[in-house]
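Each chain, written out:
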Amino acid sequence: NFESLNIPSDHPARDMQDTYWLKNGLLLRTHTSPNQVRALEHYGAPIRAIFPGRCFRNEAIDASHENTFYQLEGLMVDKEISVANLIAVMHTLLTAVFHREVTVRLRPGYFPFVEPGFELDIQCLICGGKGCSTCKKSGWIELLPCGLVHPKVLEFGKLDPNEFSGFAFGLGLTRLAMMKYSIPDIRLLNSGDLRFCEQFPASV
């Protein structure tokens with residue numbers, strides 16, 4: 001969860017992870033990113049993989065933040081993979097999910113396990129970019145941290161970073177559902193309110 005993702009125990013980036021530690025020394029998973037290294041160790045490269053999973057963080061709860069959520073990790077490692085490959089895959093993925101063209105932007109972002117790292121934002125589909133409580137009046141929703149796999153992570157996965165490169169992303173499935181179905185508050189997804197749940201048949 002940390003060391004193999006280039007986050008040693010004394011690294012300041014540990015402070016970014018508001019984790020739930022258990023009394024036995026284990027912790028509830030904060031992200032799906034550790035699967036990158038597990039997959040590289042087991043399958044090597046080239047590889048194209050996705051890893052869905054439930055994550056837990058000690059978040060300040062609001063309309064777009066929850067302490068329990070689902071994430072989908074994506075990983076592609078091969079020879080000569082670049083940021084252009086990352087952008088193309090992200091655009092294709094989001095266009096297919098929303099069945100229409102979407103407006104996205106990349107911002108520089110720091111994540112110890114990618115270099116360079118980016119935040120991919122999507123223009124809020126609930127307000128059309130005008131600003132609402134879901135997007136905190138900004139018109140944008142942070143949807144997808146991503147970047148090129150850090151050489152240290154490739155080394156932890158027993159690959160030579162001089163030979164292989166790749167990209168990874170962590171897609172928040174709950175935020176994606178919010179945008180797709182115009183759900184204004186992420187807390188509704190874990191509310192257990194049948195009136196809310198019955199709006200979405202199991203076949204959706």
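Coordinates for the structure precede this section.
Residues numbered from 1 in each chain as written. Predicted model: local features only at pLDDT ≥ 70, side-chain atom pairs only at ≥ 80, totals over all residues. Heavy atoms only, no water.

1. Describing helix α2 (residues 83-98)
- Counted at 1.5 Å a residue, the expected span for α2 with its 16 residues is 22 Å, and the 23 Å between its end C-alpha atoms agrees.
- Buried residues of α2: Leu86, Met90, Leu94, Val97 and Phe98, and no others. All buried residues of α2 project into a common sector of 80 degrees when viewed along the axis, lining one side. α2 presents Ala84 and Thr92 as exposed residues on the side facing more than 90 degrees away from its buried surface.
- Of the surrounding elements, those touching the buried residues of α2 are β3 (104-108), β4 (114-123), β5 (140-149), β6 (165-172) and α4 (173-181). (Helix = DSSP H or I, 4+ residues; strand = E, 2+ residues; numbered from the N terminus. Expected span 1.5 Å × (residues − 1). Buried < 20%, exposed > 50% of the residue type's maximum accessible area, 1.4 Å probe, protein only. Arc of directions from axis to C-beta. Contact = heavy atoms within 4.5 Å.)

2. Quick notes on the nonpolar core
- Judged by nonpolar contacts, the single largest core of 31 residues is most densely connected at Phe98, Ile122, Leu144 and Met179.
- For this core, the secondary-structure elements that each account for two or more residues are β2 (68-78), α2, β4, β5, β6 and α4.
- In this view, Ile122 contacts Phe98, Val102, Thr103, Val104, Gly139, Trp140, Ile141, Leu143 and Met179; residues no more than four positions away in its chain are not counted.
- The next biggest cluster of nonpolar side chains, apart from the first, holds 19 residues, and it includes Leu5, Leu40, Phe51 and Phe164. (Core = buried A, V, L, I, M, F, W, Y, C linked by side-chain atoms within 4.5 Å.)

3. Structural notes on the environment of Phe164
- Tracing the backbone through its elements, the reader meets Phe164 in the loop between α3 (151-156) and β6.
- Placed 15 residues apart in sequence, Phe164 and Val149 show a C-alpha to C-alpha distance of 9.7 Å.
- Contacts of Phe164, omitting those with residues within four sequence positions, involve Ala45, Val77, Asp78, Lys79, Leu154 and Leu159.

4. A few points about the pairing of β2
- With respect to burial, β2 is a largely interior element, 10 of its 11 residues being buried.
- Two strands pair when backbone bridges link them, and strand β1 (residues 47-56) and β2 are joined in this way by 10 bridges, in the antiparallel orientation. Within β2, the position partnered with Ile50 by the bridge is Gly74.
- Of the strand pairs in this sheet, β2 and β6 are connected by 8 bridges, and their pairing is antiparallel. Looking at β6, one finds that Gly74 is bridged to Phe169. (Pairing = 2+ DSSP bridges.)

5. Thoughts on the packing of aromatic side chains
- Summed over all chains, the structure comprises 1 aromatic pair.
- Here the aromatic rings of Phe111 and Phe113 are separated by 6.2 Å at their centres, their planes lie at 35 degrees, and the arrangement is tilted. With respect to class, Phe111 is no different from Phe113; both count as buried. (Phe/Tyr/Trp six-rings, centres within 6.5 Å; stacked < 30°, edge-to-face > 60°.)

6. Notes on the environment of Thr19
- Within the secondary structure, Thr19 sits in the segment before α1 (34-43).
- Thr19 gets classed as buried once you look at its relative accessible area, which sits at 15%.
- Residues Thr19 and Cys55 lie 36 residues apart in sequence; the distance between their C-alpha atoms is 9.9 Å.
- Residue contacts for Thr19: discarding those within four places in its chain leaves Phe2, Leu27 and Thr30.

7. Overview of the packing of α2 against α4
- The contact between α2 and α4 brings their axes to 10 Å, and the two run at 50 degrees. Between α2 and α4, the interaxial angle falls into the category oblique. Counting all contacts with α2, which are made through Leu94, Val97 and Phe98, the residues of α4 involved are Leu176, Met179 and Lys180.
- Among the residues forming the contact of α2 with α4, the class breakdown is 5 nonpolar, no polar and 1 charged. (Axes fitted to C-alpha atoms, helices over the stretch in contact; angles between N-to-C directions. Parallel < 35°, antiparallel > 145°, perpendicular 65-115°, else oblique. Nonpolar A, V, L, I, M, F, W, Y, C, P; charged D, E, K, R; others polar.)

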